Amino acid sequence: MSGRTYTQAGSVADAVAAMAAGARPVAGGTDLVVGARHGKSPLPQAMVGIHRIPGLDSIEVDPNGAIRIGALVSHAAILDSPLLAEQAPGLLDASAIVGSHATRANGTLGGNVMNASPAMDTGAPLLCLGAQAVLTGSSGTRRLGLDELWISPGRTAASADELLEAIELPAPSGAGARGSAYVRLQYRRQMEIAVVGAAAVVRLSADGGRVADAAVAITAVTPVIVRVSAAEACLVGADLSGGGEELEAALQAAGRAAAWAATPISDVRASLGYRTQMVAVMTRRAAAAAIARARGQQVRVPASDWSVVR
Amino acid sequence: MTVTDRVEQVFIRPDGKEKVTGAGRYTADLNLTGQAHAAFRFADHPHARITRIDTATARAMPGVFAVITHVDVPEIRYGGMVSDRHLFAHDVVRWEGDVVAAVAARTPELARAAAAAIEVDYEVLDPLPDFVANAEPGAPLVHADWQSYGGSRSMGRDGNILGRSTIVKGDADAAMATADVVVRGTYRADASQGAPIEPRAVIAQWTGDKVTVWTSTQVPFAARDGVAHTLGIPQSAVRVIVPLLGGGFGSKCDFHFEGHIAALARAARRPVKLVFSRREEFIAPDHRREGMLIELETGVMRDGRIVARRGRLTLDGGAYCGEGGFFAQMAAMHACGPYVLENVNVESRLVYSTNQPSASVRAPTAPQTCWALEQHMDAIAAAIGLDGAELRRRTLIEAGAVGPAGQVFGEVGAKQALEAALELIGYDDYLRGELPDDEAIGIACGWWPSMASPSGAYVKLNGDGTGVIITGAQECGSGAVMGLPLLAAAELGMRPEDFTLHYQDTDSGPWDMGASGSQTTFNNGRAVIEAAREVRAQLLELASQQLEIDAAELELADGVVRAAGSPDVAVSIADLAGSGTPLLGKGSGELPENPPGETSSCVGVLGMETFLAPQLITHAARVKVDRQTGVVRVMEFAAAHDSGVILNRIGADGQVYGGVLMGIGQALSEATWFDEQGRQRNPGLLDYKLQTASDAPPIHIRWIEIDTPNAGPRGSKGVGEPPSVPTPGAIANGIAKVIGRPVHELPMTAERVWSVAVDSLGLEWIDTSGKDPSA
Ligand SMILES: Cc1cc2nc3c(=O)[nH]c(=O)nc-3n(C[C@H](O)[C@H](O)[C@H](O)COP(=O)(O)OP(=O)(O)OC[C@H]3O[C@@H](n4cnc5c(N)ncnc54)[C@H](O)[C@@H]3O)c2cc1C
């Protein structure tokens, strides 16, 4: 009736060709199809299924230590990866709380990133981990930082014929232990959407006594997920020795800085005032969890749970 | 009958397997040859006068079979206590879900497009969503000329107040003045929803002058009667069949869209099918849990004796009365609660607004009112320096106590339920300080009446000794109907698996009020037992002839009729059933009587001022509050209930698990929020936050089994609604203990809890209104 078409791509080249002809890629469909059924935006006239393309569903380390996560890797697969559990637990924190078991089994990392929602959960940890999007289109392959990829809510810098092949996490640089975490405010334990979220990635000094490097990003409180350099500055240099007072002060300061950086709205999920205060709380918790992990302490995945029961 | 007489307690429901395997067929799964699909045109404004409806464009669209409006159906009003609605609005629309027109078309998409193409002009009126303001004298009326409407006038018609009820005992004003301490509290509860997983579906098909309607209703006979009434046809011309029902929680009570779809099918000259989207399931039913303003005042002596209770309750009735007319009185009883109160003066008002209409959702009015009262009880306890449990211990009703309207209670398990819940949750350890300081235990007590209603059943045996139970009772998911074979089997010495059920069909089952009021086992159980007893007498008679033994010396057990004391002298029920003599029983049973009360000083009396076989409940919740975010988790839950004798433990426990989880939702996350216009802001499952399985705490259950006279079969009461009643109150009292102050708004969302905690705990507030210090 509607003349809607759906084809299935067997390769990246197939998919790119279909996309160049106007088709939208569908991976797990948990955003695209479910969103259409909710009337968010109509189902596209032409769609190309990419979920059978071989080679896009693996997690690999290249010789330089960079990690390549195929676009079709599901949230469930991320949770099952010992490599990511060790190198990027903050990403596991995010994937662990996406939707429900069914959503995590079907939803892909590529879909989450390309959907470009300011409330996407993997966005903040990926941004803090310095992730790059590997995009392949009719005119070749290019890499974009996620801060360049996300333009506005629901929009990316990728052109219509560019398929996301993978997300790459650069090899860690610098000595010192690293830790990452993502924490989200959640009213219930499954089927939530981020009202406020925050991620932190830290590297400690070689002796473990100080925070040497920090990245902080906030979720769902700005039009696109952003890093907060003022919050990062509060953490860098924090002294971890002693009774923890200095760390506590640094966490408080980072939280405040993040609250200042947020430009939230009021809606049925939360008021502007509450959101603003929660940015500080989530930022503190994410940074605390990241630092704890860097120091070898056990922080359960998802850190959202850990931060409450701690 | 003694407790040891009771039937086997664990019986797996016969519809369980098809439901969990996905094989079960619900209304939306049915398709009839040649069927068209329906879509409604809903009101475009929550409150407006219709000035023109033009359906020409919609009618002309290809694939459209019929477009109908008020001109295509008789001008007949319907409704519960007030007949205030038409199937299709023709003068004023009073809420966003009012139906203006309906379309039947080849596909659902075409039907929706055609519904959107209907031209409707309005004169927009001021919305009247503030039900408290609407109760003031002189407020603009939602129904300007409702004095001329039909219906009952027993609760008065005053301004926008469609139901007014008082419970008066003694002289509360005078007694209040003598109290050692007077405690006051004001509480506000938001509206919420039944939110069944199955959205509503209706299919109608005419054959000659007779229409068959398949519909997802909890009350097939009310649906049938509604179709007959609104279309002006006899009840014998309407047959309602209910396929599997995917939950209702009260929201599928009452007559809803069966009339619209029957009218549409007649106009389209083919079967018509309606299936609601999730959004429609939120917006369109005239059925949600009422918002309330609850004002309480209690005078108490230092020893805990409650000398006076005053209360004023204001309930949002929404745009139409529906079957919610009794709410004012029900709420008033819950503002009293299961306590000994020496003097009472509670006034309760059900008020029209231009919001979605309120009507029964699991234990209507009780969870909110109990939530307020139980927080109030904790405040009273604190004011006189007693622990909350101790105050309740001293004031809960027991045998011989006199109720708010003069009812003298028989044996009730209120105090036993309190002690059981405290024990199950480990309250003593808590009092000894053995919980972390972000955790606390809150308790709440509540009650709920049993409801007597006529009901009927047939029981017949097949030639091979199996049987069929034919009932008018409706299964809504509670398993109550599914448990009926237990009762028939016990009477006949057969196994419950020997019976199949024929139900949910108004042409075959006797009239029944349907799946509402926790009364299916209470009333239909009685009918089934009665019907089975007729069959029993027939079997005994046949066996007596065959065995040549006096019937009085025979017993039925293990599928045979045998001589008591000499089990070898026996004839099998299968042989008797196969002998050709029809074995067919029918029954209704004798209706228990409402206990007498003293109501001369009350108004708006509907028979709920005394509680028949009251069910007594204490719930205890161990909660953990994330004090920096206000997020509350229920860690552990204890539920102790006096529901009389429990007939099927697995079914009764299931009601508690579900009711508690639903109550946790109402406590913490579930609310329908209206904007200033009265439109729902969160009509979907992303922002109408039900609790998930992962949120469910361990729930410990204790049944206080009191063999209750003048009640349901074998000394039972009801079990379906009570588990929702004290759950929000218990959680509220736990939260208040952690954050040091109560939360007087329901649901107690994270933001609301946090807002109270900001003050009570002195949390940091980062003011970002100035200039960013780091910029
Ligand atoms: C019930 C439910 C709960 C959810 N909860 C969460 C949550 O808690 N947190 C969260 O972040 N998200 C949540 N989501 C959203 C969604 O599940 C995730 O974003 C998921 O990761 C999307 O992946 P997908 O493969 O299903 O994407 P799809 O729906 O297939 O695609 C999403 C978008 O990305 C595009 N796209 C997909 N893959 C590619 C590619 N390789 N290259 C280019 N473009 C591509 C599609 O064209 C589409 O525009 C939820 C969804 C549902 C239905």
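Keep in mind that what you see is a predicted model, and the values were worked out from it rather than measured.

Draft legend 1. Molecular detail of the overall build of chain B. In terms of regular secondary structure, chain B is built from 19 helices and 27 strands. Its C-alpha atoms give chain B a radius of gyration of 27 Å, near enough to 28 Å, the size a compact globule of 775 residues would have. Along the first, second and third principal axes, the C-alpha set of chain B runs to 95 × 75 × 60 Å. Looking at chain B residue by residue over its 775 residues, the buried ones come to 63%. Carbon and sulfur atoms make up 51% of the accessible area of chain B, which totals about 26,600 Å². Charge centroids of chain B, computed over 67 positive and 96 negative side chains, lie 4 Å from each other.

Draft legend 2. Fine view of the overall build of chain A. Helix and strand counts for chain A stand at 13 helices and 14 strands. Taken over the C-alpha trace, chain A has a radius of gyration of 19 Å; the compact-globule value for 310 residues is 19 Å, and the two agree within 12%. Over its C-alpha atoms, taken along the principal directions, chain A stretches across nearly 70 × 50 × 30 Å. Here chain A, with 310 residues, has 55% of them falling under the buried criterion. For chain A, the exposed surface amounts to about 12,300 Å²; the carbon and sulfur share of it is 52%. Distance between charge centres in chain A, computed from 26 positive and 25 negative side chains, equals 7 Å.

Draft legend 3. Layout of the pairing of strand S5 (residues 67-70) of chain A. Residue and element names in this part refer to chain A. Taken together, the three bridges between strand S4 (residues 59-61) and S5 define a ladder with antiparallel strand orientation. By the bridge assignment, Val61 is partnered in S5 with Ile67. With antiparallel pairing between neighbouring strands as the criterion, S4 and S5 make up a hairpin whose turn holds five residues, including Gly65 at a positive phi of roughly 95 degrees. Strand direction decides the pairing type here: S5 and strand S10 (residues 163-169), joined by four bridges, are antiparallel. Residue pairing for S10: Ile67 is matched across the bridge by Leu169.

Draft legend 4. Broad picture of the domain arrangement of chain A. All names here are of chain A. Split into domains, chain A comes out as domain 1 (5-31 + 56-169) and domain 2 (178-301). Just the C-alpha atoms count here: the centres of domain 1 and domain 2 sit 23 Å apart. Each partner contributes residues to the interface: domain 1 has 29 residues there, and domain 2 has 26 residues. A buried area of about 2,100 Å², summed over both sides, lies between domain 1 and domain 2, and 63% of it is on carbon and sulfur atoms.

Draft legend 5. How the structure looks around the sheet that holds strand S19 (residues 499-502) of chain B. Residue and element names in this part refer to chain B. Spatial strand order, S19-S18-S17-S23: four strands in an open sheet with mixed pairing. Single-partner strands in this sheet number two, and they are S19 and strand S23 (584-587). For this sheet the average axis-to-axis angle between neighbouring strands, irrespective of direction, equals 20 degrees. Here strand S17 (residues 457-461) pairs with strand S18 (residues 467-471) via five bridges, running antiparallel. Within S18, the residue paired with Lys460 across the bridge is Val468. Across the sheet, helix H15 (residues 520-547) touches S17, S18 and S23, and the angle it forms with S23 is around 145 degrees.

Draft legend 6. Geometry of the site of the ligand. Residue and element names in this part refer to chain A. Taken together, 31 residues surround the ligand, and among them Pro25, Thr30, Asp31, Thr108 and Asp121 come closest. Leu32 places a polar main-chain atom, nitrogen or oxygen, 2.7 Å from an oxygen atom of the ligand. Contact distances for the ligand include 2.7 Å between an oxygen atom and a side-chain N or O atom of Asn112. Against a free-state accessible area of 970 Å², the protein chains account for coverage of 89% of the ligand. Elements with a minimum of two residues in the shell around the ligand: strand S2 (24-26), helix H2 (32-37), helix H7 (109-115) and S10.

Draft legend 7. Fine view of the domain arrangement of chain B. Residues and elements named next belong to chain B. Once the domains are mapped, chain B shows domain 1 (27-125 + 197-247 + 253-283), domain 2 (292-451 + 596-759) and domain 3 (453-587). In this structure, domain 1 and domain 2 have C-alpha centres spaced 37 Å apart. Taken together, the 21 residues of domain 1 in the interface contact 23 residues of domain 2. Interface of domain 1 and domain 2: buried area, both sides summed, is about 1,900 Å²; carbon and sulfur atoms make up 62% of it. Looking only at domain 1, the three residues that lose the most surface to domain 2 are Pro46, Trp95 and Phe282, adding up to 32% of its buried area.

Draft legend 8. Region of the structure containing the pattern of salt bridges. Residue and element names in this part refer to chain B. Under the defined criterion, the tally for this structure stands at 62 salt bridges over all chains. Note that Glu390 and Arg393 form a salt bridge whose closest N and O atoms lie 2.8 Å from each other. Of this pair, Glu390 and Arg393 both sit in helix H11 (residues 388-395), separated by three residues, roughly a single helical turn. Residue classification places Arg393 among the partly exposed residues on the basis of a relative accessible area of 31%. Several salt bridges converge on common partners, so that one network encompasses Asp438, Glu439, Arg622, Lys624 and Glu636.

Draft legend 9. Spatial organisation of the side chain of Arg200(B). All names here are of chain B. Along the chain, the position of Arg200 falls in the loop between strand S8 (181-189) and strand S9 (201-207). Among the polar contacts made by the side chain of Arg200, one reaches the main-chain carbonyl oxygen of Ser251 at a distance of 3.2 Å. With residues near it in sequence (within four places) discarded, Arg200 still touches Ser216, Ser251, Lys252, His256, Phe257, Leu274, Val275, Phe276, Glu281 and Pro285.

Draft legend 10. Local environment of the nonpolar core. Counting residues in hydrophobic clusters, the biggest one holds 108 residues, and the most contacted among them are Ile731(B), Ile735(B), Ile739(B) and Met748(B). The residues contacting Ile731(B), other than those within four sequence positions of it, are Ala621(B), Val623(B), Val634(B), Phe637(B), Ile664(B), Ala667(B), Leu668(B) and Met748(B).

Draft legend 11. Main features of the interface of chain B and chain A. Counting residues at the interface gives 32 residues for chain B and 32 residues for chain A. Buried area between chain B and chain A, both sides added, is near 3,000 Å², and the carbon and sulfur share of it is 57%. When the area that chain B buries against chain A is broken down by residue, the three leading residues are Arg633(B), Glu751(B) and Ile766(B), summing to 20%. Applying the counting criterion to the chain B and chain A interface returns five salt bridges. Here Arg633(B) and Asp305(A) are joined by a salt bridge, their closest N and O atoms 3.2 Å apart. For the interface between chain B and chain A, the tally reads 13 residue pairs in polar contact (both at pLDDT 80 or more).

Draft legend 12. Region of interest: the pairing of S18(B). All names here are of chain B. Across the five residues that make up S18, a large majority, five, are buried. Residues Gly467, Ile469 and Thr471 of S18 are buried on one face, and the alternating residues Val468 and Ile470, pointing to the opposite face, are buried as well. A loop of five residues connects S17 with S18, the two strands running antiparallel in sequence, and Gly465 in this loop sits at a positive phi of about 90 degrees. Pairing of S18 with S19 involves four bridges; the strand directions are parallel. By the bridge assignment, Val468 is partnered in S19 with Thr500. The parallel pair S18 and S19 is bridged by helix H14 (residues 484-492), and the resulting crossover is right-handed.

Draft legend 13. Here's a closer look at a negative patch on the surface. Residues and elements named next belong to chain B. A cluster of acidic residues, Glu530, Glu534, Glu590 and Glu593, forms a negative patch on the protein surface. Here Glu593 is to be found in the loop between S23 and strand S24 (612-625). Judged by its relative accessible area of 62%, Glu593 falls in the exposed class.

Draft legend 14. Seen up close, the environment of Glu109(B). With respect to the element layout, Glu109(B) can be found in helix H3 (residues 108-117). C-alpha of Glu109(B) to C-alpha of Ala39(B): the two residues are 70 residues apart in sequence and 8.7 Å apart in space.

Draft legend 15. Highlighting helix H6 (residues 220-231) of chain B. Residue and element names in this part refer to chain B. Here H6 is twelve residues long and its end C-alpha atoms lie 16 Å apart, about the 16 Å a rise of 1.5 Å per residue gives. Among the twelve residues of H6, nine are classified as buried, and the element is accordingly described as predominantly covered. Buried within H6 are the following residues: Pro220, Phe221, Ala223, Arg224, Gly226, Val227, Ala228, Thr230 and Leu231. Residues of H6 that are buried in the fold lie against S9, strand S10 (210-215), strand S11 (238-241) and helix H7 (258-268). Downstream of H6 by a residue or two, Gly232 has a phi angle that is positive, lying close to 65 degrees.

Draft legend 16. Spatial organisation of the sheet that holds strand S22 (residues 566-572) of chain B. Residue and element names in this part refer to chain B. Strand order in this open sheet of three strands is S20-S21-S22, and the pairing throughout is antiparallel. Sheet topology places strand S20 (554-557) and S22 at the edges, where each strand pairs with a single neighbour. If you compare each strand with its neighbour and ignore which way they point, the axes differ by 35 degrees on average. Both strand S21 (residues 560-563) and S22 contribute to a ladder of four bridges, which runs antiparallel. Among the inter-strand pairings, Ala563 is bridged to a residue of S22, identified as Ser566.

Cut-offs and rules
Residues numbered from 1 in each chain as written. Chains lettered and ligands numbered in written order. Predicted model: local features only at pLDDT ≥ 70, side-chain atom pairs only at ≥ 80, totals over all residues. Heavy atoms only, no water. Helix = DSSP H or I, 4+ residues; strand = E, 2+ residues; numbered from the N terminus. Rg over C-alpha atoms; globule rule 2.2 N^0.38 Å. Buried < 20%, exposed > 50% of the residue type's maximum accessible area, 1.4 Å probe, protein only. Areas by Shrake-Rupley, 256 points an atom, 1.4 Å probe, with all protein chains shown as cover. Lys, Arg positive; Asp, Glu negative; His and termini not counted. Charge placed at Lys NZ, Arg CZ, Asp CG, Glu CD. Pairing = 2+ DSSP bridges. Domains from an automatic or database assignment. Contact = heavy atoms within 4.5 Å. Buried area = accessible area lost by both parts, 1.4 Å probe. Axes fitted to C-alpha atoms, helices over the stretch in contact; angles between N-to-C directions. Near = heavy atom within 4 Å. Polar contact = N/O pair within 3.5 Å; in protein donor to acceptor, adjacent residues only side chain to side chain. Salt bridge = Lys/Arg side-chain N within 4 Å of Asp/Glu carboxyl O. Core = buried A, V, L, I, M, F, W, Y, C linked by side-chain atoms within 4.5 Å. Right-handed = clockwise from strand over helix to strand, strands pointing away. Patch = residues over 30% accessible without salt bridge, like charges linked within 9 Å, V, L, I, M, F, W, Y side chains within 5 Å. Expected span 1.5 Å × (residues − 1).

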